[in-house]
Amino acid sequence: MILVTGATGKIGRLVVQHLLNKGVPVRVFVRNERAFDDVENPSLELAIGTFEDTKSIEKAVEGVDRIFLVARDNPEQVSQHDNVIKVAEQCGVNHIVKLSAFGASRNSPIALMRWHAETEKQLRNSKLNWTFLRPHLYMQNLLRFGTQVATGSTFSAPMGSHNFALVDIRDIAEVAAKVLVDSDHVSKVYTLTGPSAITFKEIAEHLSDIFNQSINYNQLSPEEFYQMLLSNETPSWRAYDLAYIAEAYPGDRKSLITNDTNILLNRPARSIRTFLSDYQTTFQSKQ
Ligand SMILES: NC(=O)c1ccc[n+]([C@@H]2O[C@H](COP(=O)([O-])OP(=O)(O)OC[C@H]3O[C@@H](n4cnc5c(N)ncnc54)[C@H](OP(=O)(O)O)[C@@H]3O)[C@@H](O)[C@H]2O)c1
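Scope of this entry: the structure provided in the associated data block. (Residues numbered from 1 in each chain as written. Predicted model: local features only at pLDDT ≥ 70, side-chain atom pairs only at ≥ 80, totals over all residues. Heavy atoms only, no water.)

### Let's talk about empty space enclosed by the protein
Next up, step 1: Under the defined criterion, the tally for this structure stands at one cavity of 30 Å³ or more.
Next up, step 2: The space that makes up the largest cavity amounts to roughly 30 Å³.
Next up, step 3: Met139, Phe164, Ala165, Leu166, Gly194, Pro195, Ser196, Ile198 and Ile272 are the residues that line the largest cavity.
Next up, step 4: Tallied by class, the residues present in the lining of the largest cavity amount to seven nonpolar, two polar and no charged. (1 Å grid on protein atoms, 1.4 Å probe; cavity = no way out; pocket = protein on both sides within 12 Å on 5 of 7 lines; lining within 4 Å. Points joined across faces, edges and corners; volume = space filled by probe spheres on them. Nonpolar A, V, L, I, M, F, W, Y, C, P; charged D, E, K, R; others polar.)

Encoded structure:
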């Protein structure tokens with residue numbers, strides 16, 4: 001039995017689908033008991049609980065061999081994950097696959113990268129087998145620009161002229177399901193990237209090409225974006241991470257791209273062009 005946490009999230013939901021398609025018994029750890037009402041599959045079980053409630057974690061891990069560990073970024077996530085790790089150790093779970101992030105480091109200027117590094121350290125120091133998946137930024141983050149592009153042929157972000165090896169969540173989820181099912185990924189750290197590193201200006205050029213019209217990237221300064229988020233009542237740690245995240249990645253294209261996604265999938269990772277084409281209706285005016 002595999003326990004999928006963060007099962008209602010972007011990656012978790014796709015991982016559940018992959019595991020069920022493989023015929024693997026899956027238990028989802030969810031806060032909302034109706035969250036999987038749309039999935040009818042005898043191999044799917046629900047465990048209701050939260051990371052704060054260790055009793056609910058104890059019930060959820062009964063008979064579980066492996067856990068996919070995912071949370072929403074937040075200042076409590078290290079202790080939330082620590083609860084799962086401790087209960088998993090006590091209850092005889094064999095292996096945790098942790099969704100971490102490219103750039104996870106205790107010295108990162110970005111809080112979520114430091115939190116991921118801390119949980120990685122706790123897992124390395126535990127009795128459990130572990131695997132870390134460290135994806136670069138999701139291509140699907142770009143979908144938040146859909147309305148801006150559709151209505152104004154522009155999108156604004158504080159990403160400077162940095163390169164990003166964006167990766168498609170469909171590939172991340174497929175990798176996660178494979179790593180959860182196969183037995184040869186213990187103590188491995190996989191850095192999941194797309195096949196190329198690109199700037200946001202180049203993303204605008206791809207969109208312009210697909211839609212045969214000029215679409216522009218409006219470069220915001222990180223400070224300007226940070227202040228904008230604070231004035232919208234975004235918590236200051238989150239505002240800082242979103243405004244300055246480009247600083248978490250190396251600058252040159254070569255050191256951004258890895259082969260891990262291709263090797264694990266046994267096919268090329270999806271390109272930015274494939275992603276933009278697959279989701280092009282999101283960037284199109286609805287009239
Ligand atoms: N976005 C990116 O570009 C990117 C890139 C690399 C790595 N990552 C990492 O990916 C992780 C997030 O994965 P995701 O995008 O798939 O998740 P997501 O869509 O943000 O969903 C978060 C999941 O965690 C669950 N959750 C939140 N708080 C919980 C709690 N207290 N108890 C139990 N469950 C809780 C949520 O359940 P509910 O539905 O009940 O809220 C949801 O299922 C983060 O650690 C992030 O750093 C993100």
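### Looking at the environment of Val84
Next up, step 1: Relative to the helices and strands, Val84 is located in helix 3 (residues 77–90).
Next up, step 2: For Val84 and Asn266, which are 182 residues apart along the polypeptide, the C-alpha to C-alpha distance reads 31 Å.
Next up, step 3: The contacts of Val84, once residues within four sequence positions are left out, are Phe51, Ile57, Ile67 and Leu69. (Helix = DSSP H or I, 4+ residues; strand = E, 2+ residues; numbered from the N terminus. Contact = heavy atoms within 4.5 Å.)

### A word on the sheet that holds strand 8 (residues 188–192)
Next up, step 1: The strand order across the open sheet formed by seven strands is 3-2-1-4-5-6-8, and the pairing between neighbours is parallel. Of all strands in the sheet, those with a lone pairing partner are strand 3 (44–48) and strand 8, marking the two edges. Each strand of the sheet is rotated relative to its neighbour by a mean of 20°, with strand direction disregarded.
Next up, step 2: Note that strand 1 (residues 2–4) and strand 2 (residues 26–30) share three bridges and pair parallel. Paired with Leu3 across the strands is Arg27, a residue of strand 2.
Next up, step 3: The strands touched by helix 1 (residues 10–21) are strand 1, strand 2, strand 3, strand 4 (66–69) and strand 5 (95–99); relative to strand 1, the strand with the most contacts, the crossing angle is about 155°.
Next up, step 4: Packing against the sheet, helix 6 (residues 169–181) makes contact with strand 1, strand 4, strand 5, strand 6 (129–135) and strand 8, and its axis sits at approximately 155° to strand 4. (Pairing = 2+ DSSP bridges. Axes fitted to C-alpha atoms, helices over the stretch in contact; angles between N-to-C directions.)

### What to know about the packing of aromatic side chains
Next up, step 1: Under the definition given, this model contains 15 aromatic pairs.
Next up, step 2: Measuring from centroid to centroid gives 6.0 Å for Tyr226 and Tyr240, while their planes differ by 80°, and the two rings are edge-to-face. Taken as a pair, Tyr226 in helix 8 (residues 222–231) and Tyr240 in helix 9 (residues 236–244) lie far apart in primary sequence, 14 residues in all.
Next up, step 3: Taken together, Phe102, Phe145, Phe155, Phe164, Phe200, Tyr217 and Tyr249 form an aromatic cluster joined through their ring pairs.
Next up, step 4: Against the face of Phe36 rests Arg13, its NZ or CZ located 4.4 Å from the ring centre. (Phe/Tyr/Trp six-rings, centres within 6.5 Å; stacked < 30°, edge-to-face > 60°. Lys NZ or Arg CZ within 6 Å of the ring centre and 35° of its normal.)

### Considering the environment of Met228
Next up, step 1: Counting through the fold element by element, Met228 comes out in helix 8.
Next up, step 2: Judged by its relative accessible area of 39%, Met228 is partly exposed.
Next up, step 3: Separated by eleven residues in the primary sequence, Met228 and Ala239 place their C-alpha atoms 8.6 Å from one another. (Buried < 20%, exposed > 50% of the residue type's maximum accessible area, 1.4 Å probe, protein only.)

### Quick word on the site of the ligand
Next up, step 1: Surveying the vicinity of the ligand reveals 25 residues, the closest of which are Thr8, Arg31, Asp73, His116 and Asn141.
Next up, step 2: The separation between an oxygen atom of the ligand and a polar side-chain atom of Thr8 is 2.5 Å.
Next up, step 3: A distance of 3.1 Å separates a nitrogen atom of the ligand from a polar side-chain atom of Glu52.
Next up, step 4: Judged by the proximity of its atoms to the pocket grid, the ligand belongs to the largest pocket.
Next up, step 5: Those elements that provide at least two residues to the shell around the ligand are helix 1 and helix 4 (111–124).
Next up, step 6: Across the shell around the ligand, the residue classes tally to eleven nonpolar, nine polar and five charged. (Near = heavy atom within 4 Å. Polar contact = N/O pair within 3.5 Å; in protein donor to acceptor, adjacent residues only side chain to side chain. Sits in = over half its atoms within 2 Å of the grid points.)

### Focus: the nonpolar core
Next up, step 1: In terms of nonpolar packing, the biggest core is built from 44 residues, with Leu142, Phe155, Phe200, Ile203, Leu207 and Tyr249 touching the most fellow members.
Next up, step 2: The set of elements that each furnish at least two residues to this core consists of helix 4, strand 7 (154–157), helix 7 (200–211), helix 8, helix 9 and helix 11 (272–278).
Next up, step 3: Looking at this core, the element that brings in the most residues is helix 7, giving five residues.
Next up, step 4: For Tyr249, the residues in contact, after removing those within four places along its chain, are Phe102, Met113, His136, Leu137, Phe164 and Leu256.
Next up, step 5: Formed by 34 residues, the second largest nonpolar core is a distinct cluster that contains Val26, Val167, Ile172 and Leu264. (Core = buried A, V, L, I, M, F, W, Y, C linked by side-chain atoms within 4.5 Å.)

### Some words on the pattern of salt bridges
Oppositely charged side chains are able to pair whenever their charged atoms sit close together.
Next up, step 1: Counted under the stated rule, the structure contains 18 salt bridges.
Next up, step 2: Between Arg13 and Asp38 there is a salt bridge, with its nearest N and O atoms 3.7 Å apart. A residue pair is termed long-range when its members are at least 10 positions apart, and Arg13 in helix 1 and Asp38 in the loop between strand 2 and strand 3 qualify at 25 residues.
Next up, step 3: What makes Asp38 exposed here is its relative accessible area of 60%.
Next up, step 4: For Arg134, the salt bridge identified is with Glu120, shortest N-O distance 2.6 Å. Taken together, the residues span a long stretch of sequence, with Arg134 in strand 6 and Glu120 in helix 4 at a distance of 14 residues.
Next up, step 5: Linked through salt bridges whose partners overlap, the residues forming this network are Asp171, Glu174, Arg267 and Arg270. (Salt bridge = Lys/Arg side-chain N within 4 Å of Asp/Glu carboxyl O.)

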